[in-house]
Amino acid sequence: MPASGRNVWHISGLQDGRSDSCLYGPEFKIGDLYFQLQFHPPANARVKVPSARSQPSVLYLVLLAELGDVPAGLLSLKLRATFSIEEVGFKQRIEVKDSLLRWRGGFGPTDLQLDAAMSGLCAADALTIAVAVDILEVQTPRAIVLRWPVDSFEVVRNGHVANPCRAGFHASLSRRLEIWGWGERPLELRMDLHPSIDATGNIFVSLRLDRGALPVEDLELRFDFSIEELGYHATSQVLRGDARAWSRSLGVASLPTDCSALSGHFGTLTLGLSVEALSCTLRRPSSSPVWTDFVSPDFRYLLLSAAGHSVAGLPEQLHGELSWSSFASVCSANVHALRSSLLSSGVPTERIDVADFSGEVEQPHPRQMLEDFFRRLDSSTKVVIYYSGHATKDGAWCFRWLPTGQKYPADVTVAPHELFQWNAQAQANRARVPLEILVESQCAGSWCLAAKDAQLIGRVFAACAPSAHAWAAAHGSIFTSWIVGQGPEPSLTAKLFPGGPQVPWEYSRSGAVGPIKIFSADRIGRAVAPPLSLSLACNGSSRPCSSLDTALPSMASPLGMSTPGSTPWSASLNRSVLTTPSPTGWGSQVSRPLSASAGRRRLMASR
């Protein structure tokens, strides 16, 4: 797929007044893909007397996805394009990596530089626009095909020979690549080029896991290698190894080339590489990486979903080339992942109810289902509702309800204040059971604000801020994958999505509302600050807690705590994984994360 080519477009008749506001060049093919140049000339290019331009000039290179052989599931395309306009002496190179959808809209030179070059175009009647295109990278699910141009290969080869090392394992050039399809984060690899490993100038390539990569246990890749200028194609290889093999300095190496022409090659050497992940086993945490206290055999659960082309409201933002209708399968995957996590944690099947309001299955009215769920009398110590689906800009859930025995469905929305009111009415004449709500939708943080207004006895755990986006991938939503222990913290995926990181929100039992502040046990273990004298109020008394002297300096920053004498620190620990003091310091992790109240009780008992 990666290839290169050049197209020249001659435009005439700019002054005849017959050209449209946008001029479309002929289609041209680079590799298996078709492209087109689109040019918006300045307004005064069509008048014979110079005057101020009413609009800037714009030049785009557009991918024609409806033509050619676009790979199925194309995630991203990286191109290097060099634009030139002969009559005005303009030349500019761009290098862009973006999705298929964005490439269909097109990319082009910087407007300001193009405008400056086009300022003398008022008397011109013809233009010659040329573009040289290099397709550098094609990203599809679990595979990547790329071109790696090496300028002045003789310099690379001679420089390597001048600094020899045993077996030629010293890497002269290195580049990073990503393979998507194994979670919210890509499989990040570092590819090293090792030239001149023998007298005939042969080379080999090695691959290793990059720093901060996914927790891989075993990985198997199919690797193909070619050299364009020499017409060389190596035999397809399969590279496999465990985490230790992929993480060492050399990584896993390919077989060396068998091409004697390399020793006499000068100039650019373009490597063509294809890497496909055949299998990848990831280390999965034994439990959720965040303490959310919504898992217990004594709780009762209602898992709701509502998504599809006929459901009102907004779906979550979809990563890659997922379509609007794909969100229905994402919601189904979310519910399945949470239900599986609950079952594996010992929650009985009969305590988990599931309902899909996509308008295809007959269901009771959503309000009736929720009120019945609240009114049910049993031994449950908490009731938990999970929702994954479409929502309004105010955070209200959007259901497509198909009444029993009816042919046509109807739209039903459930606003946060309505659900909290139903819950209060259902439990008006009996002891209230705490309610916990998990919201996987757009503008989910609105439920936290509404819970504070309603003084909810319980907790709300939301995927994003009140007016923010939540993101979804093909295998499930970012937030849900995180809370069930199958994905990273949403803020770690900030560079993958536009608009900044996705920050989950919370309404806590203490009545606080805002972004969730997470810290991990390893931060405590790394504490190196000097001891801090701190007194904690316990049952009206004050006593120095020496066992926390070393830990608190590193804990205070991520938790946003203030100095002693302000808000009690224990109120901020309801999600945190704590460690217990040992003879050598804070190093051993407890078997169960502690909530704020549990942490406080343990401190009091230790006295």
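Shown above is the structure to which this text applies.
Keep in mind that this is a model prediction, so the values were computed, not measured.

It is worth spelling out the sheet that holds strand β23 (residues 397–402) at this point. With respect to topology, three strands assemble into an open sheet ordered β21-β23-β24, the strand pairing being mixed. Pairing within the sheet leaves two strands with one partner each, and these edge strands are β21 (358–362) and β24 (410–414). Put simply, the sheet's adjacent strands are angled 40° from each other on average, direction ignored. Of the strand pairs in this sheet, β21 and β23 are connected by two bridges, and their pairing is parallel. By the bridge assignment, serine 358 is partnered in β23 with arginine 400. Contacts from helix α7 (residues 416–426) reach β23 and β24 within the one sheet, and its direction differs from that of β24 by about 75°.

Here we have three strands laid out as an open sheet, ordered β19-β27-β28, and mixed in their pairing. Every interior strand has two partners, whereas the edge strands, β19 (317–318) and β28 (476–477), have only one. Note that β19 and strand β27 (residues 471–473) share two bridges and pair parallel. Within the sheet, the bridge partner assigned to leucine 318 lies in β27 and is alanine 472.

Time to look at the packing of α7 against helix α8 (residues 446–454). Between α7 and α8, whose axes approach to 9 Å, the crossing angle comes to 45°. Taken together, the axes of α7 and α8 are oblique relative to one another. Here α7 runs over α8; the crossing is right-handed. Every residue of α8 that contacts α7 at Pro416, His417, Leu419 and Phe420 is listed here: Ser446, Trp447, Ala450, Ala451 and Ala454. Split into classes, the residues belonging to the contact of α7 with α8 amount to seven nonpolar, two polar and no charged.

Before going further, it helps to examine the nonpolar core. Counting residues in hydrophobic clusters, the biggest one holds 58 residues, and the most contacted among them are Leu304, Ile385, Trp397, Leu419, Phe420 and Val460. The element best represented in this core is strand β18 (residues 299–306), accounting for six residues. In this view, leucine 304 contacts Val335, Ala355, Phe357, Met369, Leu370, Ile385, Tyr386, Tyr387, Ser388, Trp397 and Phe399; residues no more than four positions away in its chain are not counted. In terms of nonpolar packing, the next biggest core, distinct from the first, is built from 39 residues, Ile203, Ile227, Leu239 and Leu271 among them.

Quick notes on the rules
- Residues numbered from 1 in each chain as written.
- Predicted model: local features only at pLDDT ≥ 70, side-chain atom pairs only at ≥ 80, totals over all residues.
- Heavy atoms only, no water.
- Pairing = 2+ DSSP bridges.
- Helix = DSSP H or I, 4+ residues; strand = E, 2+ residues; numbered from the N terminus.
- Axes fitted to C-alpha atoms, helices over the stretch in contact; angles between N-to-C directions.
- Contact = heavy atoms within 4.5 Å.
- Parallel < 35°, antiparallel > 145°, perpendicular 65-115°, else oblique.
- Left-handed = near helix turned anticlockwise from the far one by under 90°.
- Nonpolar A, V, L, I, M, F, W, Y, C, P; charged D, E, K, R; others polar.
- Core = buried A, V, L, I, M, F, W, Y, C linked by side-chain atoms within 4.5 Å.
- Buried < 20%, exposed > 50% of the residue type's maximum accessible area, 1.4 Å probe, protein only.

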